[in-house]
Amino acid sequence: MPKFTIDKLNSLYRKAKSCDNKLFAEQRTNILLRTGDHYTKNKADSFSDVRSRGVQKRDQKIRLVKNHIHRITNIFSNAILEGNPSVSAVPYNDQELSDVKTSQISNSVISWVKNSNNWGKKQSKFVNDFVVIGECWGKIRFDYSKGPVVGVNEEGGEVRAGEFVIDRVFAFDLKRDPNARDMDECKW
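Residues numbered from 1 in each chain as written. Predicted model: local features only at pLDDT ≥ 70, side-chain atom pairs only at ≥ 80, totals over all residues. Heavy atoms only, no water.

1. Regarding the overall build of the chain
Okay, so step 1: A tally of helices and strands in the chain yields 6 helices and 4 strands.
Okay, so step 2: Along the chain, helices (α) and strands (β) appear in the sequence α-α-α-α-α-α-β-β-β-β when read from the amino end.
Okay, so step 3: Here the contacts in the chain between residues at least 6 apart in sequence split such that 55% fall between residues at least 24 apart. (Helix = DSSP H or I, 4+ residues; strand = E, 2+ residues; numbered from the N terminus. Contact = heavy atoms within 4.5 Å.)

What follows is the structure in C-alpha cells.
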C-alpha cells in the first residue's frame, strides 16, 4: 500500500469530492422531489404582503402542486420487491457431490447473514435508495462485538463470536478516483 502524505491525501480527497458534484446535485434533487420539498420557499416573504395588507398583488401567482412522485417511486419499489430479489449459490456441476455440498453450505451462510441482519427491512431500504437516489451501496463487514458470548478474556471481559453486519452507505458519502471511468476501475 502506498504511503501518502497528508497533503497528497487532502488533494486526492478534494479531487474525488469535486468530480461527482453534478451527480450529487442530481441525487439531492431526486431526494427533494421525493419528499415534495423541491421548490424554494421563502415563507416570510411570500405571505408578508398578504397578511399585512390583506390584498394580493395582481402579478403575484399562487402555485398549487400535488406531488405524486412519492406514489410513483413507491410503485417502482414495490414492483422490485414483489420479485423478491436475492442471492443464492448453485453448484457449478450438479453431478459433483462436493459442488452440491459447497453450494448448500454457502446458502446456509447467506440465510444466517440475512436472519441476523433483519434483511427484509434492509432490503426495502436498499431498493428505496436505488429508486429514489439512483444508487445503492452496502458495506459488509465482520463485527467482533456482536453475536453470542463464547468465552472470557484475561481481563474478565466477554468474548463474542462476532457477526456479519450489512451497513447502508449512501452514494454521496463515497469518494472515487476521478480518473476511473467505472467503479470496477476505481483504485480507491
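Right, picking up where we left off after that structure.
2. Quick look at the environment of Val109
Okay, so step 1: Within the element layout of this structure, Val109 appears in helix α5 (residues 97-116).
Okay, so step 2: According to the relative accessible area criterion, Val109 is partly exposed, its value standing at 38%.
Okay, so step 3: When the C-alpha atoms of Val109 and Phe164 are compared, they prove to be 10.0 Å apart, with 55 residues separating the residues in sequence. (Buried < 20%, exposed > 50% of the residue type's maximum accessible area, 1.4 Å probe, protein only.)

3. Considering the packing of aromatic side chains
Okay, so step 1: Scanning the entire structure with this criterion turns up 5 aromatic pairs.
Okay, so step 2: Between Trp112 and Phe164 the ring centres are 6.1 Å apart and the planes differ by 80°, which places this aromatic pair in the edge-to-face class. One end of the pair, Trp112, is in helix α5; the other, Phe164, is in strand β4 (residues 163-169), and 52 residues separate them in sequence.
Okay, so step 3: On the basis of relative accessibility, which here comes to 30%, the residue Phe164 falls in the partly exposed class.
Okay, so step 4: Judged by centre distance (6.0 Å) and plane angle (35°), the ring pair of Trp119 and Phe126 falls under tilted.
Okay, so step 5: An aromatic cluster is defined as three or more aromatic residues linked by ring pairs; in this entry it consists of Trp112, Phe142, Tyr144 and Phe164. (Phe/Tyr/Trp six-rings, centres within 6.5 Å; stacked < 30°, edge-to-face > 60°.)

4. Quick look at the pattern of salt bridges
Okay, so step 1: Tallied over the full model, the rule gives 5 salt bridges.
Okay, so step 2: With its nearest N and O atoms 2.6 Å apart, the salt bridge here joins Asp167 to Arg141. You can see Asp167 sitting in strand β4 and its partner Arg141 sitting in strand β1 (residues 137-143), a full 26 residues away along the chain.
Okay, so step 3: For Arg141, a relative accessible area of 32% puts it in the partly exposed group. (Salt bridge = Lys/Arg side-chain N within 4 Å of Asp/Glu carboxyl O.)

5. Side note on unusual backbone geometry
Okay, so step 1: Here the phi dihedral of Asn84 falls at roughly 50°; this positive angle occurs in a residue that is not glycine.
Okay, so step 2: Positionally, Asn84 belongs in the loop between α4 (69-82) and α5.
Okay, so step 3: We classify Asn84 as exposed; its relative accessible area is 53%.
Okay, so step 4: Of note, Asn118 is a non-glycine position whose phi angle comes to about 55°, a positive value.

6. Digging into the pairing of strand β2 (residues 149-152)
Okay, so step 1: Alignment of β2 against strand β3 (residues 158-160), held across 3 bridges, turns out to be antiparallel. Bridging across to β3, Val152 finds its partner in Glu158.
Okay, so step 2: Once β2 ends, the chain turns through 5 residues before running back antiparallel as β3, passing Gly156 with a positive phi of about 90°. (Pairing = 2+ DSSP bridges.)

7. Quick look at the side chain of Gln27
Okay, so step 1: Tracing the sequence through the fold places Gln27 in helix α2 (residues 21-35).
Okay, so step 2: Sequence-distant contacts of Gln27, that is, excluding residues within four places in its chain, are made with Ile133, Glu135, Ala171 and Phe172.

8. What about the packing of α4 against helix α6 (residues 119-132)?
Okay, so step 1: Interaxial distance between α4 and α6 falls to 9 Å at its minimum, and their mutual angle equals 130°. On the basis of the axis angle, α4 is oblique to α6. When you trace α4 past α6, the crossing you get is right-handed. Along its contact with α4, which presents Thr73, Phe76, Ser77, Ile80 and Leu81, the element α6 presents Gln123, Ser124, Val127, Asn128, Phe130, Val131 and Val132.
Okay, so step 2: Here the residues of the contact of α4 with α6 are counted per class, giving 7 nonpolar, 5 polar and no charged. (Axes fitted to C-alpha atoms, helices over the stretch in contact; angles between N-to-C directions. Parallel < 35°, antiparallel > 145°, perpendicular 65-115°, else oblique. Left-handed = near helix turned anticlockwise from the far one by under 90°. Nonpolar A, V, L, I, M, F, W, Y, C, P; charged D, E, K, R; others polar.)

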